[in-house]
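Residue strings, one per chain:
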Amino acid sequence: MLNDKFYKVSEVFNLEEGKAVKLRGWINNIRVQGGLTFIDLRDSTGIIQVTLKKSNLNEKLYEEITNKARRESSLIIEGTVKNDPRAPGGKEILCNKVEIISYSEVYPIRKGLSISKLLDLRHLYFRRPRFQAILKIRNTVIDAAREWFKQNGFFEIHCPTFITAAVEGGATLFEVDYFGKKAYLTQSSQFYLEAAIFGFEKVFTIQPSFRAEKSRTRKHLTEFWHIEAEMAFASHEDIINVEEELVYYIVSKVIDERKRELEILNRSIDKPKRPFLRISYLDAIKLLNEKGIPITFGEDITTEAEKTLAKIIDRPAFIMYFPKTTRAFYHMPHPEDNRLTLSSDLYVPNEGEITTGGQRIHDLNLLIERIKENNLNPSDYEWYLDLRRYGSVPHAGFGLGVERLVKWITGVSHIRETIPFPRTPVRVYP
């Protein structure tokens with residue numbers, strides 16, 4: 001059976017009427033009308049109507065199917081293609097042979113279930129065409145990112161999940177017992193990518209990061225997938241240009257290759273306008289104050305303020321030069337204003353921040369000074385400091401949240417819709 005020639009549902013729509021076909025999949029819906037049974041057969045590529053006539057099949061088998069087959073029963077069908085404008089997609093299959101692989105119990109996902117119950121049943125979500133559309137778009141996002149990096153001379157590096165020191169601040173670390181020693185789940189692969197630039201110059205990774213944030217917003221997860229990159233001999237301006245090129249390439253790829261999935265989601269999105277906007281932090285808080293949102297210099301941009309900025313912009317926009325008080329110790333101070341850093345967040349319309357990046361401090365003494373200013377112990381970062389002792393160079397990098405990018409592209413309302421098994425402060429099952 002496994003080596004037989006099976007057509008995929010999507011292929012059938014391109015076949016001529018009368019073509020003999022063999023398919024396998026699951027019942028998405030089943031309807032019995034007199035001596036006819038209509039099955040909506042689903043596989044990984046789509047759904048097609050299959051018509052079973054009692055007169056064409058073994059009577060005992062037909063009765064068994066109509067009495068026992070439910071949604072999600074798996075089966076193999078053989079038949080011929082028929083044009084029918086009343087059928088979804090304009091084609092159906094007239095069945096002449098059926099083999100039941102496995103009958104299904106009553107499918108538990110139905111209308112009216114609470115969000116909590118639906119999340120308990122997340123392992124069954126992969127059967128839903130809408131969820132498949134989101135994950136196919138997600139797959140294209142990751143493929144496109146990797147493709148762009150490879151085309152532009154970046155080398156892929158795999159970094160550890162267990163770490164010994166914070167990258168984004170100790171308050172959001174997940175602590176674990178590592179054979180009697182204290183370790184943490186990684187917040188970011190940045191430090192390890194910085195080490196790799198001294199051998200490969202331009203590097204990237206795509207892997208999970210973890211943040212022990214008790215944020216219950218529509219754009220936060222405790223475990224998320226991170227596209228991160230670092231470049232040797234690079235400035236803040238260089239890394240902004242990389243981010244713009246990468247995001248434009250990814251979105252364009254999805255629009256070109258995932259039209260059907262965007263239609264399923266009823267999502268209309270255009271390729272981003274270029275160049276992306278550039279707004280200084282100082283101009284951003286001035287603009288927010290004019291909109292009635294009180295933010296003073298030195299404060300980070302709040303969730304409310306982020307939403308306001310996202311509604312104003314008509315294209316992706318870099319919010320640049322954040323104060324030291326809002327950034328981690330490794331960000332390079334701004335040469336013209338020591339209160340600021342050469343850092344930026346990329347905001348997208350109606351969504352908000354999807355990337356954070358900037359130029360890293362490459363001077364050993366300045367980096368030690370900034371570690372101490374943040375009340376951290378330089379000895380905890382000894383190997384990271386070594387990178388500045390042996391041929392240090394100016395360098396820059398960024399991190400892009402996969403789920404946030406997918407949320408913007410797909411237009412879904414909550415970030416948990418963009419990942420197969422979401423992890424939040426209240427969700428670690430299934």
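Residues numbered from 1 in each chain as written. Predicted model: local features only at pLDDT ≥ 70, side-chain atom pairs only at ≥ 80, totals over all residues. Heavy atoms only, no water.

Teacher, can you tell me more about the sheet that holds strand β17 (residues 352-360) here?
Strands belonging to one sheet form pairs held by backbone hydrogen bonds; the direction of such a pair is parallel or antiparallel. Taken in spatial order, the eight strands line up as β6-β10-β11-β18-β17-β16-β13-β12 in an open sheet, and their pairing is mixed. Of all the strands in the sheet, just β6 (155-156) and β12 (277-280) have a single pairing partner and so form its edges. The pairing of strand β16 (residues 343-348) with β17 spans six bridges and is antiparallel. Looking across to β17, one finds that V348 is bridged to G352. The strands touched by helix α5 (residues 190-200) within the sheet are β6, β10 (202-210), β11 (223-232), β17 and β18 (395-401), with β11 carrying the most contacts at an inclination of about 30°. Sheet strands in contact with helix α8 (residues 281-290) are β12 and β13 (317-320), and its direction is about 80° off that of β12. (Pairing = 2+ DSSP bridges. Helix = DSSP H or I, 4+ residues; strand = E, 2+ residues; numbered from the N terminus. Contact = heavy atoms within 4.5 Å. Axes fitted to C-alpha atoms, helices over the stretch in contact; angles between N-to-C directions.)

How should I be thinking about the domain arrangement of the protein in this particular structure?
Note: interface size is frequently given as the accessible area lost on complex formation between the parts. By the assigned domains, the protein splits into domain 1 (9-102) and domain 2 (120-418). Of note, the centres of domain 1 and domain 2, computed from C-alpha atoms alone, are 47 Å apart. Of the residues lining the interface, six residues belong to domain 1; the matching set on domain 2 comes to four residues. Contact between domain 1 and domain 2 buries roughly 400 Å² in total, counting both sides, with carbon and sulfur atoms accounting for 40%. Taken as a group, R42, S44 and E72 account for 67% of the area that domain 1 buries against domain 2, more than any other trio of residues on that side. The tally of links from domain 1 across to domain 2 stands at one salt bridge. With a closest N to O distance of 3.1 Å, E72 and R127 form a salt bridge. Counting across the interface, domain 1 meets domain 2 through three residue pairs in polar contact (both at pLDDT 80 or more). Of the residues contributing to the side of domain 1 that touches domain 2, the split by class is one nonpolar, two polar and three charged. (Domains from an automatic or database assignment. Buried area = accessible area lost by both parts, 1.4 Å probe. Salt bridge = Lys/Arg side-chain N within 4 Å of Asp/Glu carboxyl O. Polar contact = N/O pair within 3.5 Å; in protein donor to acceptor, adjacent residues only side chain to side chain. Nonpolar A, V, L, I, M, F, W, Y, C, P; charged D, E, K, R; others polar.)

What should I look at first to understand unusual backbone geometry in this one?
In most cases, non-glycine residues show a negative phi, while peptide bonds are predominantly trans. The linkage connecting R274 with the following residue, P275, adopts the cis geometry, with an omega of 0°. Position of P275 relative to the elements: it lies in the loop between α7 (259-264) and β12. Look at the link from Y429 to P430: it is a cis peptide, with omega at -5°. Locating P430 in the fold gives a position in the segment after α12 (402-410). Positive phi is not limited to glycine here, since F233 has a value of about 55°. Mapping F233 onto the fold places it in the loop between β11 and α6 (236-257). Phi at N375 is positive, roughly 60°, even though this residue is not glycine.

Teacher, can you tell me more about helix α4 (residues 129-151) here?
An α-helix turns once per 3.6 residues; consequently, residues spaced three or four apart project the same way. Taking 1.5 Å of rise per residue, the 23 residues of α4 would be expected to cover 33 Å, and the 32 Å separating its terminal C-alpha atoms lies within 8% of that figure. In the stretch just after α4, G153 is the one whose phi turns positive, near 80°. (Expected span 1.5 Å × (residues − 1).)

Looking at this structure, I do not really get the sheet that holds strand β8 (residues 175-178). What am I missing?
Sheet architecture is open: three strands sit in the order β7-β9-β8, paired in antiparallel fashion. The sheet is open, and its two borders are formed by β7 (162-163) and β8, each paired with just one other strand. Here β8 runs beside strand β9 (residues 181-185); their pairing, made up of four bridges, is antiparallel. Across the sheet, the residue bridging to V176 is A183, located in β9.

Teacher, can you tell me more about the packing of aromatic side chains here?
Two aromatic rings are characterised by how far apart their centres lie and by the angle between their planes. Under the defined criterion, the tally for this structure stands at 22 aromatic pairs. An angle of 75° between the planes, with centres 5.1 Å apart, marks the rings of Y178 and F179 as edge-to-face. According to the relative accessible area criterion, F179 is exposed, its value standing at 77%. Judged by centre distance (5.6 Å) and plane angle (50°), the ring pair of Y281 and F322 falls under tilted. In this pair, Y281 is assigned in helix α8 and F322 in the loop between β13 and β14 (333-334), connecting sequence segments 41 residues apart. Grouping aromatic residues by their ring pairs yields a cluster made of F191, Y192, F329, Y330, Y381, W383 and Y384. Sitting over the face of the ring of Y7, K5 holds its NZ or CZ atom 4.8 Å from the ring centroid. Over the aromatic face of Y384 sits the side chain of R388, whose NZ or CZ is 4.2 Å from the ring centroid. (Phe/Tyr/Trp six-rings, centres within 6.5 Å; stacked < 30°, edge-to-face > 60°. Buried < 20%, exposed > 50% of the residue type's maximum accessible area, 1.4 Å probe, protein only. Lys NZ or Arg CZ within 6 Å of the ring centre and 35° of its normal.)

What should I look at first to understand the pattern of salt bridges in this one?
If the charged atoms of two oppositely charged side chains come close together, the side chains can form a pair. Counted according to the given criterion, the structure contains 32 salt bridges. Linking E257 and K253 is a salt bridge whose minimum nitrogen-to-oxygen distance equals 3.5 Å. Taken together, the positions of E257 and K253, both in helix α6 and four residues apart, correspond to about one turn of that helix. With a closest N to O distance of 2.6 Å, E373 and R370 form a salt bridge. Of this pair, E373 and R370 are both found in helix α10 (residues 364-373), three residues apart, which corresponds to roughly one turn of the helix. In this structure E373 comes out as partly exposed when scored by relative accessible area, which is 41%.

Looking at this model, I keep getting lost on a nonpolar patch on the surface. Mind explaining?
A cluster of nonpolar residues, F162, Y178 and F179, forms a patch on the protein surface that exposes about 390 Å² of accessible area. Relative to the helices and strands, Y178 is located in strand β8. (Patch = residues over 30% accessible without salt bridge, like charges linked within 9 Å, V, L, I, M, F, W, Y side chains within 5 Å. Areas by Shrake-Rupley, 256 points an atom, 1.4 Å probe, with all protein chains shown as cover.)

Could you clarify how one ought to interpret the environment of F276 in this entry?
For F276, the position within the fold is in the loop between α7 and β12. A relative accessible area of 3% places F276 in the buried class. For the pair F276 and P316, spaced 40 residues apart in sequence, the C-alpha to C-alpha distance is 5.3 Å. Once you skip the residues sitting within four places of it in the chain, F276 turns out to touch E244, V247, Y248, R315, P316, F318 and L346.

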